[in-house]
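Examining the three-dimensional arrangement
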Amino acid sequence: MYEIHHRIGGRSTPSTSGRTAPVYDPATGRVQATVGLASVQEVDAAVAAAQAAFPGWRATALSRRAEVMFRLRELIDANRKELAQLITNEHGKVLSDALGEVARGLENVEFACGVPHLLKGGYSEGVSAGIDVYQLRQPLGVVAGITPFNFPAMVPMWMFSNALACGNCFVLKPSEKDPSPALFLADLLHQAGLPDGVFNVVQGDKVAVDRLLEHPDVAAVSFVGSTPIARTIYERATANGKRAQALGGAKNHMLVLPDADVDMAADAAVSAAYGSAGERCMAISVVVAVGEVADPLVDAISARLPAIRVGPGTDPDAEMGPLVTGEHRDRVIGYLDAAVGAGATMVADGRAGPLPAEGFFLGPCLLDRVTADMACYTDEIFGPVLSVVRVGSYAEGLRLINENPFGNGTAIFTRDGGAARRFQYDCNVGMVGINVPIPVPVSYYSFGGWKASLFGDRHMYGPEGIDFYTRSKVVTSRWPDPTTSTVDLGFPQVR
Ligand code: NAD
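Residues numbered from 1 in each chain as written. Predicted model: local features only at pLDDT ≥ 70, side-chain atom pairs only at ≥ 80, totals over all residues. Heavy atoms only, no water.

**Considerations on the site of the ligand**
Quick note on the threshold: Residue proximity to a molecule or strand is established when one non-hydrogen atom of the residue lies within 4 Å of it. Within 3.5 Å is the distance limit for a polar contact, defined as a pair of N or O atoms, with the added protein rule that one can donate a hydrogen and the other accept it, and that residues adjacent in sequence qualify only through two side-chain atoms. Here the open area of atoms and residues is found with the Shrake-Rupley method and a 1.4 Å probe, where only the protein chains shown may cover a residue. We count a stretch as a helix when DSSP gives it H or I for four or more residues in a row; a strand needs E for two or more, and each element gets its number in order from the N terminus. Polar here means any residue other than Ala, Val, Leu, Ile, Met, Phe, Trp, Tyr, Cys and Pro, which are nonpolar, and Asp, Glu, Lys and Arg, which are charged; Gly is therefore polar. These domain limits were set by an automatic method or by a database of domain assignments.
What surrounds the ligand is a group of 26 residues, the closest being Lys 173, Glu 176, Ser 226, Gly 248 and Glu 380. A distance of 2.6 Å separates an oxygen atom of the ligand from a polar side-chain atom of Glu 380. Coverage of the ligand by the protein chains reaches 87% of its 840 Å² of free accessible surface. Sorting the residues of the shell around the ligand by element identifies helix H8 (206–214) and strand S11 (218–224) as the ones contributing at least two each. Its residues assigned to classes, the shell around the ligand shows 14 nonpolar, 8 polar and 4 charged. Looking at the shell around the ligand, you find at least three residues from each of domain 1 (3–248 + 453–476) and domain 2 (252–434).

**Section: the sheet that holds strand S17 (residues 385–391)**
This is how it is decided: A pair of strands is considered paired only if DSSP assigns at least 2 bridges between the two. Fitted lines through C-alpha atoms give the axes, limited to the stretch in contact for helices. The angle between two N-to-C directions lies from 0 to 180 degrees. By definition, residues are in contact when any of their heavy atoms lie within 4.5 Å.
With mixed pairing, 7 strands are arranged side by side in an open sheet as S15-S16-S17-S14-S13-S19-S20. Looking along the sheet, the strands with just one partner apiece sit at the ends: strand S15 (345–348) and strand S20 (431–434). Going from strand to strand, the sheet's axes swing by 20 degrees on average, the running direction of each strand aside. Packed on one face of the sheet, helix H15 (residues 417–426) meets strand S13 (252–256), strand S19 (409–413) and S20 and runs near 165 degrees to S19.

**Quick notes on the nonpolar core**
The criterion, for reference: Note on terminology: a nonpolar core comprises buried Ala, Val, Leu, Ile, Met, Phe, Trp, Tyr and Cys residues joined through side-chain atoms within 4.5 Å. Throughout, exposure labels follow a simple rule: accessible area from a 1.4 Å probe, protein chains only, divided by the maximum for the residue type, with under 20% read as buried, over 50% as exposed, and the rest as partly exposed.
Of all hydrophobic cores here, the largest spans 88 residues; its most connected members are Ile 76, Leu 164, Phe 170 and Phe 199. Here this core gets 9 residues from one element, more than from any other, and that element is helix H6 (residues 154–165). The contacts of Phe 170, once residues within four sequence positions are left out, are Val 143, Ala 144, Gly 145, Met 159, Phe 160, Ala 163, Leu 164, Val 198, Phe 199, Asn 200 and Tyr 469. Grouped together as the second largest cluster of nonpolar side chains are 64 residues, Leu 257, Val 270, Ile 284 and Ile 308 included.

**Quick word on the environment of Asp 488**
Residue placement: Asp 488 occurs in the segment after strand S23 (470–478). Between the C-alpha atom of Asp 488 and that of Arg 236, which follows or precedes it by 252 residues, the distance is 59 Å.

**With respect to helix H9 (residues 227–239)**
For clarity, the cut-off: Multiplying one less than the number of residues by 1.5 Å gives the expected span of a helix. Summarising the geometry, the arc corresponds to the directions from the helix axis toward the C-beta atoms.
For H9, which comprises 13 residues, the first-to-last C-alpha distance of 18 Å matches the rise-based estimate of 18 Å (1.5 Å per residue) to within 8%. Turning to H9, its buried residues number three or more, namely Thr 227, Ala 230, Ile 233 and Ala 237. Along the long axis of H9, the arc covered by the buried residues comes to 120 degrees, so they all point the same way. The exposed set on the far side of H9, more than 90 degrees from its buried face, consists of Pro 228 and Ala 239. Lining the buried residues of H9 we find strand S8 (142–146), H8, S11, strand S12 (243–247), strand S18 (406–407) and strand S22 (454–455). Following H9 by one or two positions, Gly 241 has its phi on the positive side, about 80 degrees.

**Structural notes on the packing of aromatic side chains**
How we decide: Only Phe, Tyr and Trp rings are paired, with Trp represented by its six-membered ring, and only when their centres lie within 6.5 Å; those with planes under 30 degrees apart are stacked, over 60 edge-to-face, the remainder tilted.
By the definition in use, this model includes 11 aromatic pairs. The interplanar angle of 65 degrees and the centroid separation of 5.0 Å between the aromatic rings of Phe 160 and Phe 199 together place this pair among those described as edge-to-face. With Phe 160 in helix H6 and Phe 199 in strand S10 (residues 199–201), this pair connects stretches of sequence that are 39 residues apart. Accessibility expressed as a relative area gives 0% for Phe 160, which makes it buried.

**Re the packing of helix H2 (residues 62–78) against H6**
The line we're drawing: Roughly parallel means an angle under 35 degrees; roughly antiparallel means over 145; roughly perpendicular covers 65 to 115; every other angle is labelled oblique.
Relative to each other, H2 and H6 sit at 150 degrees, their axes nearing to 9 Å. Considering their axes alone, H2 and H6 lie roughly antiparallel with respect to each other. Listed contacts from H6 to Arg 65, Met 69, Leu 72 and Ile 76 of H2 are Met 157, Phe 160, Ser 161, Leu 164 and Ala 165. Across the contact of H2 with H6, the residue classes tally to 7 nonpolar, 1 polar and 1 charged.

**Brief notes about the pairing of S19**
Heads up, the condition is: For the handedness criterion, the strands are oriented away from the viewer, and a crossover whose path from the first strand over the helix to the second runs clockwise is classed as right-handed.
For S19, a buried count of 5 out of 5 residues is recorded, marking the element as mostly surrounded by other parts of the structure. Of the two faces of S19, the one lined by Gly 409, Ala 411 and Phe 413 and the one lined by Thr 410 and Ile 412 are each fully buried. By the bridge criterion, 4 bridges tie S13 to S19 in an arrangement that is parallel. Counterpart to His 253 in the pairing with S19 is Thr 410. Alignment of S19 against S20, held across 4 bridges, turns out to be parallel. Bridge pairing links Ile 412 to Ile 434 in S20. Tracing the backbone out of S19, into H15 and back to the parallel element S20 gives a crossover that is right-handed.

**Here's the deal with the environment of Met 157**
With respect to the helices and strands, Met 157 occurs in helix H6. Overall, the relative accessible area of 0% leaves Met 157 in the buried class. The residues contacting Met 157, other than those within four sequence positions of it, are Ile 76, Leu 83, Val 102, Gly 105, Leu 106, Asn 108, Val 109 and Leu 185.

Printed below as a string of structure tokens:
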């Protein structure tokens, strides 16, 4: 058993609130640590440390801020395995997945290394006699990040890389389910030369989040998590005059047209539905099979499932780890019998195993003949459950996707470029894959869904992240020709 603390003003700070939460090892089901949950005063201390560090960090030369990011890049690269092990230890995902998470997070640090270029504003010379107009991009001040359990290193990197490079100070409230990777990143930031107080971690739950949302010195809030919480975070943060971006849940559909390469589509569906035990906001949870492709596709997916090895994340042969908690695993299981009761066909039941004796495991589950009124279709399950909905035409499949309240990611599988092009035009979804099942944008684009998958007008990271973490100031200046100057400038000039 170990205790997990805050990191405030560069120091490891134990909570004195008297409130704690258990941190499980999902592979054994046992509690391995406790995390102290912040009181209002502890959040205030973190915000005060960030506020005190802000004038100095803001005034730090751009080249020096970029240098910290370059050093951080090297440190994360050198510590990939340690960070991945921490992720696996508390989240449960297999090590190869955790390494993938680190790699995708690191991209954002690399993007932020280009901050001197990214912060360039515009300049208009001579808009009128002696008058120039130019734009500055200045940091907001203290900004907060509230992150989910499923990417305990990557999602913080989505946020803090750009925020810090732009000159802001940061207070991170990670998920209480897997709080250690955030502290490891704080340590690497310190080693990279970031001054104390510029990056702080407060462990906590709703109490900490509520305080961040109302704290007068917090200028902006970035949130990633489930839709109901995202909606309230956005509403409350903006009601308190803060800038906010709140990314919510998902129900990602993969539309498979009759001309698709069935093996390619089946491989994609399996990796996108069951990778990380389905606990990804970009996981495919619904396959929409158009016309005669349905039977061969369901057969091809089902034939691949027995080969998926379920086991502890530390087992190098395991491809799918446990779910994050026993409570969550039981919630996921609850959808299976309900779906069969509502008329779906259970093609694969992940409860049947083989599964490790301990831990929060569930094998891959495949439901066929799912319809849009079933709970397994309407709800975000966030587990290894793939539903197949059979439709008669492209138009019917598209309608399903566009009528769904979520709009995070979607994918089309087809050999027809015209059909793919039409789909990217037609679908009301923020991130689209064409023969790519999980179209998470590279770090020099921005990440964000539409509809109930994102509240706010700025997507996360990339160019929109730079916009989010800076405010624009436009200067109009008049410097008439210095005809009366005491400095000899060679006037009057010949023009
Ligand atoms: P969650 O909404 O339960 O928690 C997210 C964060 O909010 C955590 O830090 C948690 O401590 C805090 N929180 C929880 N309840 C709260 C409350 N009542 N008031 C204030 N704060 C609260 O989400 P989760 O279970 O950690 O993560 C899974 C969810 O995140 C899924 O819905 C998934 O789709 C979503 N997600 C979305 C994206 C995206 O980019 N859109 C990315 C990753 C995860």
